[in-house]
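Now for the letters of each chain:
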Amino acid sequence: MITSSTQRALALVLLASLAITADLFGLAPAGRIGVTAVLVMIALKLYATVAQASLESLRVSSRHEGALEGRPLRVSYEICNPTYVPLAFVELSLNYPEYLRLSEGSSALIAGIPPKGCMTYSVSFAARVGEHEIGPLRALFRDPFGIFRGREITIGEKTVVRVKPRESEKLRRFLLSLSRGAGMVRTGKAGEGLEFLATRDYMPGDDLKRIFWRALAKGRLAVKEFDRESTQYNVLLLAVSRDMLAGPYLQTPFEHAARIIASLSRYFADRGEHQSFYLVGSRRVEGTRMARGRRGYEAVMRAISRVKLSSMLEEEGFSADGRLSRALLGSLPRERVNLIAIATANNAIQLAEELKALASSSRCSVYLLLLLPQLYGIESVSPMERAVFRIKSFQEIMAVKGAIKEIKKRGIKAIALAPSDMARKIVRKLAMERV
Amino acid sequence: MRSTRVALVAAVLAALLSFPLLDVNASAVAQGFDVTLGIVMQREKQTMENFAVFMKTLAAMLAFLTTIVAAVTLSASVYAFALAITVITVNPGVMSNPLLLLPLFAYSVMDVLVKGWRRGQLTSLGGPRSLAISFLLTLSLLSALFALAWLSSEVIWKYFSLLRGLEVSSPFLSIFSELLFKNPIGLSFVIGLALMLIYGLARELAEALVAFVRPSPKAARDALLSMDLEAPIKPPLSSLRNALVSLAVSPPLYYLLYNALLLLPVQLSFPYDVLLRFVVAALVFVVSWFLISRLTASFEEREPSLLSPIAGLMLILATYGLLYALALWEPSSGLSPEAGDDVLRKAILSYYETIVYMGELLLVFMGVAP
């Protein structure tokens, strides 16, 4: 059975029977109307059968634009009917993950597709970080009177969209202002470099090119000293778990964490520093290679945009089983490394346990950033509401404080702040510890 | 479900309210009351006439209002309500107008559109242009379909009308002619059967054509996957096999039943006695075919139960019990019912004679044989 009848078919048959019977009993000359109704039904059945076959031969191509968080993610489908059969009507509905929100258009619609012609169907989502599978389309043919309906089929393929996090331009400029200029690390010590540091008296062996001529004119033989340039190695680490997706759309801990990582990564890239990124969960440890500058930034962005939110929902939470330590020790350079890990309070102690060994070594500074969802958006409420909220969430904040204490006992520097302050705080700390 | 119930209640209410319109003439209704209730009601005649006019006006207003509400709200329940009232309250003379179907079909189209329409659809379609294309496409398609159906109905209805005036000279066939063509109920049955056959044929033809012209592996896979895994597999030609077995089993049953009917005090003359034989033969064949189909299907199940052999055993016991009751078999003579041989022979001859007679008459009736 290619198509099936709906309840309206029964209504039409009843009407036709009534008209034919009325004619046969001599009540009204309505027999022809009854026969017409039945013939319309037969014609529609023929049409629906042929149209259903045409529906199965539809050609669908898809494309998408806008793969940056916060911008509209537009997905378009061009549906072409290669047959000579007009399709009226086709009910289309789009499969998309429940954690994406439509910002424009409709996820289902009813339309006609002309013979040998095409129609375009497009929707826009409020893009959020991660990898999303959108589509395929589900199509169902229904004749214009709704008397027959076909079998629902899927048309087209899944479209995989990877959305990158958006770093805050304001924050990036602020972070850069902490250093003297892009591409140089402020060590505050004399050495090879381009930025002027100080002058000192000439000593035998000094390069003549460094003589400070203005001082010599005043009778003092001095040389210029330059700020020693250095580079840092940074590892960004994100421990994903199910609770990272809790919260309002685009304001979940995961999205805040992604933005912090994006901002820090951009900062490191602008300064020409080395960086790599690790994504850890209950069953996975995935990392990128250490890379410098723009290449490092691109690799980090790519890795974050490949996080599947659907798989995050299955994450039980991080457990210290040694896999992460082994992976890090096998990939870290010989130079000193800053390891910046981001986790929720639920995962933080387990993660600290895993990173304890690295933190105790002299080659690695470990910072553990605890996301405090309780403080999200608290700046936007009135002081009275803020006070009430603090009282209500007092127990939870105290639990986080307890977790911080536990983490510090393991030799790891823990920071728990609202997301807006997190990047500034960590960059300040890194700047203070440069050598 | 709730909206369906509401629609049904509303339709019944509308039918009750519009009852007077069935007789169209309000005074005729009052006349009917007058005849029934006699002189007592004579004084109330004027009152009844007024009441009937009031009811007619009320029903017409209701029909008008529901039509407007259906057009505005476009909900299925209101649609059903409007449909019921329109059919019941409409003047029978208007029913001959083909335009009667157009508003009903228009309701259906609008209902389909409204149910499928979603907020933001226009944005997704990229503007009103696509919508206009869809609209024109649908309109042209429907116009073509309706025109085709209307023109074809002219020919088909003329054919059915001709059947009404069919004159048959054979006294035997005239019974069937009277029953099937002169009687409105019989003719309704014939027309219904004919339209069902046309529908079934068109459906099979379309599906075969589509499968031949555009074979789709995807559709075939979907059809196979949608089948019930526990469904019994029907072997090819099993219907023919069951029919042949039924033909073998039916004669004794036919003989017993027909003779039992002859014992009734009513005596039938020609051709009604022949008609009775036909009816009994056909009935026995249909019933035995049905029972044998069920019995063989139970053996063909993937996991046959113990019930099937028990059913078979019961059938054998019932047969021997019947033969014993008719004194055609004695337990002392073993399993072979030799005493019933003559009766059995007579039953078989009588049954197949009837069947052949029926077949011959059917061919004559259809104009295939002279």
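Residues numbered from 1 in each chain as written. Chains lettered and ligands numbered in written order. Predicted model: local features only at pLDDT ≥ 70, side-chain atom pairs only at ≥ 80, totals over all residues. Heavy atoms only, no water.

*Asks:* Is there a simple way to think about the overall build of chain A in this case?
*Replies:* The number of helices and strands found in chain A is 12 helices and 21 strands. Looking at chain A as a whole, 54% of its 435 residues qualify as buried. Restricting to contacts in chain A with at least 6 residues of sequence separation, those with at least 24 account for 73%. (Helix = DSSP H or I, 4+ residues; strand = E, 2+ residues; numbered from the N terminus. Buried < 20%, exposed > 50% of the residue type's maximum accessible area, 1.4 Å probe, protein only. Contact = heavy atoms within 4.5 Å.)

*Asks:* Just to check I follow, could you spell out a positive patch on the surface for this structure?
*Replies:* Residues and elements named next belong to chain A. There is a patch of like positive charges on the surface, built from K170, K408, R424, K425 and R428. Counting residues per element, the positive patch draws most heavily on helix 12 (residues 419-432), which supplies three residues. As for its placement among the helices and strands, R428 is situated in helix 12. Look at R428 and you get partly exposed, because its relative accessible area is 44%. (Patch = residues over 30% accessible without salt bridge, like charges linked within 9 Å, V, L, I, M, F, W, Y side chains within 5 Å. Areas by Shrake-Rupley, 256 points an atom, 1.4 Å probe, with all protein chains shown as cover. Salt bridge = Lys/Arg side-chain N within 4 Å of Asp/Glu carboxyl O. Lys, Arg positive; Asp, Glu negative; His and termini not counted. Charge placed at Lys NZ, Arg CZ, Asp CG, Glu CD.)

*Asks:* I tried to follow the environment of A:Y367 on my own but got confused; where do I start?
*Replies:* Residues and elements named next belong to chain A. Take Y367: it is sitting in strand 20 (residues 364-371). The buried category is assigned to Y367, whose relative accessible area is 0%. Y367 sits 63 residues away from L430 along the chain, and the two C-alpha atoms are 9.7 Å apart.

*Asks:* Even after reading the chapter, I still don't get the sheet that holds strand 5 (residues 102-104) of chain A, so can you show me in this structure?
*Replies:* Picture the strands of a sheet paired through backbone hydrogen bonds; they go either parallel or antiparallel. All names here are of chain A. The four strands lie next to each other as 2-3-7-5, forming an open sheet whose pairing is antiparallel. Every interior strand has two partners, whereas the edge strands, strand 2 (59-65) and strand 5, have only one. Looking at each pair of strands side by side, their axes are set apart by 30 degrees on average, direction ignored. Of the pairings in the sheet, the one linking strand 3 (residues 72-81) to strand 7 (residues 117-126) comprises 10 bridges and is antiparallel in character. Pairing of R74 across the sheet is with S124, part of strand 7. (Pairing = 2+ DSSP bridges. Axes fitted to C-alpha atoms, helices over the stretch in contact; angles between N-to-C directions.)

*Asks:* It is not clear to me how the state of the cysteines should be interpreted in this structure. Could you clarify?
*Replies:* One way to say it: the disulfide is the covalent bond shared by the sulfur atoms of two cysteines. Residues and elements named next belong to chain A. Per the counting criterion, the structure on display carries one disulfide over all chains. The disulfide that involves C80 links it to C118, with 2.0 Å between the sulfurs. Residues C80 and C118 are joined by a disulfide whose S-S torsion is about 105 degrees; by sign, that bridge is right-handed. Here the residue C80 occupies a position in strand 3, and C118 occupies one in strand 7, the gap between them amounting to 38 residues. Of the residues examined, C118 reaches a relative accessible area of 41% and is grouped as partly exposed. (Disulfide = S-S within 2.5 Å.)

*Asks:* Sorry if this is basic, but what is going on with the interface of chain A and chain B here?
*Replies:* Accessible area lost upon the coming together of the parts is a frequently used measure of interface size. Listed as interface residues are 67 residues of chain A and, on the opposing side, 60 residues of chain B. When chain A packs against chain B, the two sides together hide about 5600 Å² of surface, and 76% of this comes from carbon and sulfur. Between the two partners, chain A and chain B, sit two salt bridges. Of the charged contacts, one joins A:R32 and B:E154 as a salt bridge, the two residues approaching to 2.6 Å between their closest N and O atoms. The interface formed by chain A and chain B includes eight residue pairs in polar contact (both at pLDDT 80 or more). If you list the elements that add at least two residues to the side of chain A that touches chain B, you get helix 1 (7-24), helix 2 (31-55), strand 4 (87-94), strand 6 (108-113), strand 7 and strand 11 (153-155) of chain A. (Buried area = accessible area lost by both parts, 1.4 Å probe. Polar contact = N/O pair within 3.5 Å; in protein donor to acceptor, adjacent residues only side chain to side chain.)

*Asks:* Sorry, what's going on with the packing of aromatic side chains here?
*Replies:* Describing an aromatic ring pair means giving the distance of the ring centres and the angle of the ring planes. Per the counting criterion, the structure on display carries 11 aromatic pairs over all chains. Ring centres 6.4 Å apart and planes at 20 degrees place the aromatic pair A:Y77 and A:Y121 in the stacked group. Placement of A:Y77 in strand 3 and of A:Y121 in strand 7 is noted, with a sequence separation of 44 residues between them. The class of A:Y77 is buried, set by a relative accessible area of 1%. The rings of B:Y254, B:Y258, B:Y351 and B:Y352 are connected pair by pair, giving a single aromatic cluster. Its end group placed over the ring of B:W150, A:R32 keeps NZ or CZ at 3.5 Å from the ring centre. (Phe/Tyr/Trp six-rings, centres within 6.5 Å; stacked < 30°, edge-to-face > 60°. Lys NZ or Arg CZ within 6 Å of the ring centre and 35° of its normal.)

*Asks:* How should I be thinking about the sheet that holds strand 4 of chain A in this particular structure?
*Replies:* Residues and elements named next belong to chain A. The strand order across the open sheet formed by four strands is 6-4-9-11, and the pairing between neighbours is antiparallel. Since the sheet does not close on itself, it has two edges, and those belong to strand 6 and strand 11, each with one partner. Across the sheet, the axes of successive neighbouring strands diverge by a mean angle of 35 degrees, strand direction being ignored. In the sheet, strand 4 pairs with strand 9 (residues 137-141) via five bridges, with the strands oriented antiparallel. What sits directly across from V90, in strand 9, is F141.

*Asks:* Whenever I open this one, a nonpolar patch on the surface confuses me. Can you help?
*Replies:* All names here are of chain B. Together, L257, L283, V287, F290 and L291 give the surface a local cluster of nonpolar side chains, amounting to about 470 Å² of exposed area. For the nonpolar patch, the leading source of residues is helix 14 (residues 272-299), giving four residues. One can find L257 in helix 13 (residues 238-262).

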